[in-house]
Amino acid sequence: MTATGGVLTSVPALPTGADTAVRLLLRGDDEPPVTVPRDPAREAARRELAKRMYHENDPSWFQRALDAFWEWVGKLFDAASTASPGGTLGLVVIIAAVIAVLGALWWRLGTPRRRPTSAPALFDDRPRSAAEHRAAAEAHAAQGHWNQAVQERMRAIVRALEERALLDIRPGRTADEAAAEAGRALPAHTGPLRTAARAFDDVTYGGRAATEQSYRQIAGLDRDLERATPQLASSGTRSADATTRQGAAG
């Protein structure tokens, strides 16, 4: 009941829940009307922040890894510049010198190559004469295909030695084996034969590029071998026997 202007009026009673809320809002202390324990609140915040909508603009794993890498490079560069004489400028000069040395070695030595454990055969499956190999070599040389020209000229050398019976016909023979065997019959040409075989291997299996000069050297060797007289072990033995007999007779 309240008195308004001297007239008594009745005020309807509030529900119990609403009455409690009104009393909490009218409290004069600083405590919030509702409190949540710390651990449940932290867990609720974690679940909320784990939602996809909060991570749509996050960097990808690749971007994070790249950022970490460049950060590591920056720290490494700073540490190196501090330790090197002249600071950052000195470090730049050292790096430029190292790059120049590596470039010179690459230009001088060429592409690193790995020799096969067992070199493939010198010839393919189709047998051809020395003249055919020479013609093929000259055709490649006329077009500037020096790799193929070197290969065919080396095959012409070996085939010509086989045709002269200075080498046994053996399909599985390698260039190095042919050079070693031919050097025993033509000892004056042992060095050029080994050089030609090495050039063949470098072009065929080592990934090197042949030049016109290397082809001309092998072609010159081919012409020299055509005019070379073989030194056979049997003739040497006969000469030694004849000398021995002459000495005994005298």
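Conventions adopted
- Residues numbered from 1 in each chain as written.
- Predicted model: local features only at pLDDT ≥ 70, side-chain atom pairs only at ≥ 80, totals over all residues.
- Heavy atoms only, no water.
- pLDDT = per-residue confidence, 0-100.
- Contact = heavy atoms within 4.5 Å.
- Patch = residues over 30% accessible without salt bridge, like charges linked within 9 Å, V, L, I, M, F, W, Y side chains within 5 Å.
- Areas by Shrake-Rupley, 256 points an atom, 1.4 Å probe, with all protein chains shown as cover.
- Salt bridge = Lys/Arg side-chain N within 4 Å of Asp/Glu carboxyl O.
- Helix = DSSP H or I, 4+ residues; strand = E, 2+ residues; numbered from the N terminus.
- Buried < 20%, exposed > 50% of the residue type's maximum accessible area, 1.4 Å probe, protein only.
- Axes fitted to C-alpha atoms, helices over the stretch in contact; angles between N-to-C directions.
- Parallel < 35°, antiparallel > 145°, perpendicular 65-115°, else oblique.
- Left-handed = near helix turned anticlockwise from the far one by under 90°.
- Nonpolar A, V, L, I, M, F, W, Y, C, P; charged D, E, K, R; others polar.
- Phe/Tyr/Trp six-rings, centres within 6.5 Å; stacked < 30°, edge-to-face > 60°.

Chemist: Describe the confidence of the model for the protein chain, listing the residues and the values that go with them.
Modeler: With 65% of its residues at a pLDDT of 70 or more, the protein chain has an overall mean of 74. Note on residues 1–9: pLDDT under 50 across the span, and nine contacts to partners over four residues away in sequence or across chains. Here residues 234–250 is modelled with pLDDT under 50, and outside its nearest four sequence neighbours on either side it reaches zero contacts, counting other chains as well.

Chemist: Describe a nonpolar patch on the surface, listing the residues and the values that go with them.
Modeler: Taken together, the side chains of W61, F62, L66, F69, W70, W72 and L76 define a hydrophobic patch exposed on the protein surface, amounting to about 850 Å² of accessible area. Note on placement: F69 falls in helix α3 (residues 61–83). Accessibility expressed as a relative area gives 41% for F69, which makes it partly exposed.

Chemist: So what's going on with the packing of helix α6 (residues 146–163) against helix α8 (residues 190–204)? Which residues, and what values?
Modeler: One way to put it is that α6 packs onto α8 with a least axis distance of 9 Å and a crossing angle of 135 degrees. Judged by the inter-axis angle, α6 sits oblique to α8. The handedness of the crossing between α6 and α8 is left-handed. Counted together, N147, V150, Q151, M154, R155 and I157 of α6 and L193, A196, A197, A199, F200, V203 and T204 of α8 form the full contact between these two elements. Looking at side-chain class alone, the contact of α6 with α8 contains nine nonpolar, three polar and one charged residues.

Chemist: Report on the packing of aromatic side chains, specifying residues and quantitative values.
Modeler: Enumeration according to the criterion identifies four aromatic pairs in this entry. Each ring, one from F69 and one from W70, has its centre 5.3 Å from the other, and the planes form 65 degrees; the classification is edge-to-face. When its relative accessible area of 52% is taken as the criterion, W70 is described as exposed. Ring centres of W146 and Y215 lie 5.9 Å apart, and the angle between their planes is 40 degrees; this geometry places the pair in the tilted category. Taken as a pair, W146 in helix α6 and Y215 in helix α9 (residues 212–227) lie far apart in primary sequence, 69 residues in all. By the ring-pair criterion, three or more aromatic residues cluster together here, those being F69, W70 and W72.

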